[in-house]
Amino acid sequence: MPTPFEVLALPLRREILDGLRAGPRLVGDLAEELGVAQPIVSKQLRILRDSGFVSVRAEAQKRWYALRPEPLAAVADWLEPYRWLWDRGLDRLGEHLDRMEDS
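Quick notes on the rules
- Residues numbered from 1 in each chain as written.
- Predicted model: local features only at pLDDT ≥ 70, side-chain atom pairs only at ≥ 80, totals over all residues.
- Heavy atoms only, no water.
- Pairing = 2+ DSSP bridges.
- Helix = DSSP H or I, 4+ residues; strand = E, 2+ residues; numbered from the N terminus.
- Phe/Tyr/Trp six-rings, centres within 6.5 Å; stacked < 30°, edge-to-face > 60°.
- Buried < 20%, exposed > 50% of the residue type's maximum accessible area, 1.4 Å probe, protein only.
- Arc of directions from axis to C-beta.
- Contact = heavy atoms within 4.5 Å.

As annotated in an unreviewed UniProt entry, the chain carries the name Transcriptional regulator, ArsR family and is attributed to Pseudonocardia oroxyli.

A. Expanded view of the pairing of strand S2 (residues 54-59). With six bridges joining them, S2 and strand S3 (residues 62-67) adopt antiparallel strand pairing. Following the sheet pairing, arginine 57 is matched in S3 by tryptophan 64. Between the end of S2 and the start of S3, which pair antiparallel, lie two residues, with alanine 60 showing a positive phi angle near 55°.

B. Up close: the packing of aromatic side chains. Across all of its chains, the model carries two aromatic pairs by this definition. Aromatic pair phenylalanine 5 and tryptophan 78: ring centres 5.1 Å apart, planes at 65°, arrangement edge-to-face. Residue phenylalanine 5 is located in helix H1 (residues 4-8), and its partner tryptophan 78 is located in helix H5 (residues 69-79); the two are separated by 73 residues in the primary sequence. The exposure class assigned to phenylalanine 5 is partly exposed, which follows from its relative accessible area of 40%. You can call tryptophan 78 partly exposed: its relative accessible area is 47%.

C. Just helix H2 (residues 11-19), in detail. Residues Leu12, Arg13, Ile16, Leu17 and Gly19 constitute the buried set of H2. Projection of H2 onto a plane perpendicular to its axis shows the buried side chains occupying an angular sector of 160°, all on one side. Taken together, the buried residues of H2 touch H1, strand S1 (25-26), helix H3 (27-34), helix H4 (38-50), S2 and S3.

Below, the structure is given as structure tokens:
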């Protein structure tokens, strides 16, 4: 079983997750939106499902894929100790912009 970071390493899988942010989607809709053949998207959805990133709900012949928050929360938890790296940069940018307004 791949780690969450191995799953997220493939850009197409991240694009699929991005496509699911607005809600459940059909594989054909995702494939069309991404401009990728449906079998390729189906294969990546299977990997995302097997690793817990998405769930699938059958409705007649259709398969609806949806995000599952738990693996993403685990990644966010791992990143938390590093958040200061970009928070500090954003704080400095805000201070710089404030100084520019005052000039």
